[in-house]
Amino acid sequence: MGESLSTKIETIKVCHALLQNPKFLSLLLQIDTELAAQMRARGCPCGGSLHRADYPRKPRACPKEVRHAFDSRLSFCCGQCRKRYTCASVRFLGRRVYLGLVVLLASVRRAKLSASALQVVHMLAVPERTVARWRSWWLQIFPSTPLWRAGCARFIPAVAHEHLPHSLIERFQGDPAHCLVHLLAFLSPLSVPR
Ligand SMILES: [Zn+2]
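Residues numbered from 1 in each chain as written. Predicted model: local features only at pLDDT ≥ 70, side-chain atom pairs only at ≥ 80, totals over all residues. Heavy atoms only, no water.

Peer 1: I tried to follow the overall build of the protein chain on my own but got confused; where do I start?
Peer 2: Within the protein chain, the regular secondary structure consists of eight helices and five strands. Moving toward the C terminus, one meets the helices and strands of the protein chain in the order α-α-β-β-β-β-β-α-α-α-α-α-α. Once the C-alpha set of the protein chain is aligned to its principal axes, its extents read approximately 55 × 40 × 30 Å. With 194 residues in all, the protein chain has 48% of them scored as buried. Across the protein chain, every contact between residues at least 6 apart in sequence was considered, and the portion connecting residues at least 24 apart equals 66%. Of the roughly 10,200 Å² that the protein chain leaves accessible, carbon and sulfur atoms contribute 56%. Of the side-chain charges in the protein chain, 28 are positive and 11 negative, and the distance between the mean point of each set is 10 Å. (Helix = DSSP H or I, 4+ residues; strand = E, 2+ residues; numbered from the N terminus. Buried < 20%, exposed > 50% of the residue type's maximum accessible area, 1.4 Å probe, protein only. Contact = heavy atoms within 4.5 Å. Areas by Shrake-Rupley, 256 points an atom, 1.4 Å probe, with all protein chains shown as cover. Lys, Arg positive; Asp, Glu negative; His and termini not counted. Charge placed at Lys NZ, Arg CZ, Asp CG, Glu CD.)

Take a look at the structure:
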């Protein structure tokens, strides 16, 4: 994907600063709001219109100044058949209470991080047990998800599963914000219950 190895490695090293960047975290809410608007515009196949029925969230490892941007999961309910529609999200990854970005970046092997990235991870104070569970999800569950089975072929050469999620992050191009937005958008279908 065209970028030099040193640029890729640099991207991994500076991504973590975004975990504490209110502007970047607010951008994720804007993207989710847009995804929700698209879902609402499509409506329900039964012909009914969709009404907001968000789920409250108590996000963990979320900076105080942007907590309001992560305190609910956008969702709809059909006014006619009552079916529930939860929107794909770049803010959350599945039902986890931590921000999706935290699940992604805190799972990167410590040896791959710069001193400042390590400091950010340390400040998040995610219990080691939780990080270990996320790592085993990346290594054992993620590769067999329909999303990855359908999408992995677009990465040439193949992404090394044993180095996930680090090996995936370094495949997304551009500055760290750009790289992470695109990666979170790629992962967003995983945020919806199957
Ligand atoms: Zn309906």
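Peer 1: Would you take a moment to explain the packing of helix H2 (residues 22-42) against helix H8 (residues 176-187) for this structure?
Peer 2: When two helices pack together, their arrangement is given by the angle between their axes and by how far apart the axes lie. Running from amino to carboxyl end, H2 crosses H8 at an angle of 35°, the nearest separation of the two axes being 12 Å. Our pair here, H2 against H8, has a crossing hand that is right-handed. Of the residues in H8, those touching H2 at Phe24, Leu27, Leu28 and Ile31 are Ala177, Leu180, Val181 and Leu184. Across the contact of H2 with H8, the residue classes break down as eight nonpolar, no polar and no charged. (Axes fitted to C-alpha atoms, helices over the stretch in contact; angles between N-to-C directions. Left-handed = near helix turned anticlockwise from the far one by under 90°. Nonpolar A, V, L, I, M, F, W, Y, C, P; charged D, E, K, R; others polar.)

Peer 1: Just checking my understanding: could you explain the coordination of the zinc ion for this structure?
Peer 2: Those protein atoms acting as donors to the zinc ion are Cys44 (SG), Cys46 (SG), Cys78 (SG) and Cys81 (SG), and they sit at 2.3 Å. Geometry at the zinc ion is tetrahedral, judged from its four donor atoms and the angles of 102 to 118° they form at the metal. Taken in sequence order, the residues that donate to the zinc ion follow the motif C-x1-C-x31-C-x2-C. Within this pair, whereas Cys44 is found in the loop between H2 and strand E1 (50-52), its partner Cys81 is found in the loop between strand E4 (75-78) and strand E5 (84-86), the two being separated by 37 residues in sequence. (Donors = N, O, S within 2.8 Å, 3.2 Å for Na, K, Ca; no water. Tetrahedral: all angles 85-135°; square planar, octahedral: opposite > 155°, others 65-115°.)

Peer 1: Would you mind showing me how to read the sheet that holds E4 here?
Peer 2: Hydrogen bonds between backbone atoms are what pair the strands of a sheet, whose relative direction is either parallel or antiparallel. Ordered by their spatial adjacency, three strands build an open sheet running E1-E4-E5, and the pairing between neighbours is antiparallel. Across the chains shown, the open sheet's two edge strands, defined by having one partner strand only, are E1 and E5. Neighbour-to-neighbour, the strand axes of the sheet open up by a mean angle of 30°, direction not taken into account. Two elements, E1 and E4, share three bridges in a ladder whose sense is antiparallel. Among the inter-strand pairings, Arg52 is bridged to a residue of E4, identified as Phe76. (Pairing = 2+ DSSP bridges.)

Peer 1: Just to check I follow, could you spell out the packing of aromatic side chains for this structure?
Peer 2: Each aromatic ring pair is specified by the distance between its two centres and by the angle formed by the two planes. Overall, the coordinates contain eleven aromatic pairs when judged by the stated rule. A cation over an aromatic ring shows up here: Arg57 above the ring of Phe92, its NZ or CZ 4.5 Å from the ring centre. It is Arg96 that lies over the ring of Trp137; its NZ or CZ is 4.6 Å from the centre. (Phe/Tyr/Trp six-rings, centres within 6.5 Å; stacked < 30°, edge-to-face > 60°. Lys NZ or Arg CZ within 6 Å of the ring centre and 35° of its normal.)

Peer 1: What exactly am I supposed to notice about the nonpolar core here?
Peer 2: One recurring pattern in soluble globular proteins: nonpolar side chains tend to sit buried together. Membership of the largest hydrophobic core comes to 49 residues, with the highest contact counts inside it found for Phe70, Val102, Leu104, Trp138, Phe142, Leu168 and Leu187. Of all elements in the fold, only H2, helix H3 (100-105), helix H4 (115-124), helix H5 (128-141), helix H6 (146-151), helix H7 (166-169) and H8 reach the threshold of two or more residues within this core. Here this core gets seven residues from one element, more than from any other, and that element is H8. Filtering out sequence-adjacent residues up to four positions away, Leu187 remains in contact with Leu93, Leu104, Trp138, Phe142, Leu147 and Leu168. Counting residues in hydrophobic clusters, the runner-up holds nine residues, among them Ala36, Leu74, Cys78 and Tyr85. (Core = buried A, V, L, I, M, F, W, Y, C linked by side-chain atoms within 4.5 Å.)

Peer 1: Hey, could you run me through H4 in this one?
Peer 2: What sets the pattern is the α-helix's 3.6 residues per turn: residues three or four places apart point alike. Among the residues of H4, those classed as buried are Ala117, Val120, Val121 and Leu124. The buried side chains of H4 occupy one side of the element, clustering within an arc of 100° when seen end-on. Structural note: H4 exposes Ala115, Gln119, His122 and Met123 on the side pointing more than 90 degrees away from its buried face. Once H4 ends, the next one or two residues include Ala125, with phi positive near 55°. (Arc of directions from axis to C-beta.)

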